[in-house]
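# Analysis of the macromolecular model
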Amino acid sequence: MSKSFTITKKIAKHGNQAIIVVPKILEKQLKPGTLTQVTIEILK
């Protein structure tokens, strides 16, 4: 079964890298090894 979530986030900084932090509420849905598709749309 496919599930879809829409998350609007600011990009965080971790050292020299930009990261996207996933909300803790999705922790059970996004276990290590889970195949996901990420689409990034830049909002002004």
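Parameters at a glance
- Residues numbered from 1 in each chain as written.
- Predicted model: local features only at pLDDT ≥ 70, side-chain atom pairs only at ≥ 80, totals over all residues.
- Heavy atoms only, no water.
- Helix = DSSP H or I, 4+ residues; strand = E, 2+ residues; numbered from the N terminus.
- Buried < 20%, exposed > 50% of the residue type's maximum accessible area, 1.4 Å probe, protein only.
- Areas by Shrake-Rupley, 256 points an atom, 1.4 Å probe, with all protein chains shown as cover.
- Salt bridge = Lys/Arg side-chain N within 4 Å of Asp/Glu carboxyl O.

Of regular secondary structure, the protein possesses zero helices and two strands. Seen along its three principal axes, the alpha-carbon backbone of the protein occupies a region of about 35 × 25 × 15 Å. The 44 residues of the protein split such that 2% are buried. Accessible surface, the protein as shown: approximately 5,000 Å² in total, 56% of it carbon and sulfur.

So, about the pattern of salt bridges. Enumeration according to the criterion identifies one salt bridge in this entry. The residue Lys24 makes a salt bridge to Glu27 at a minimum N-O spacing of 3.4 Å.

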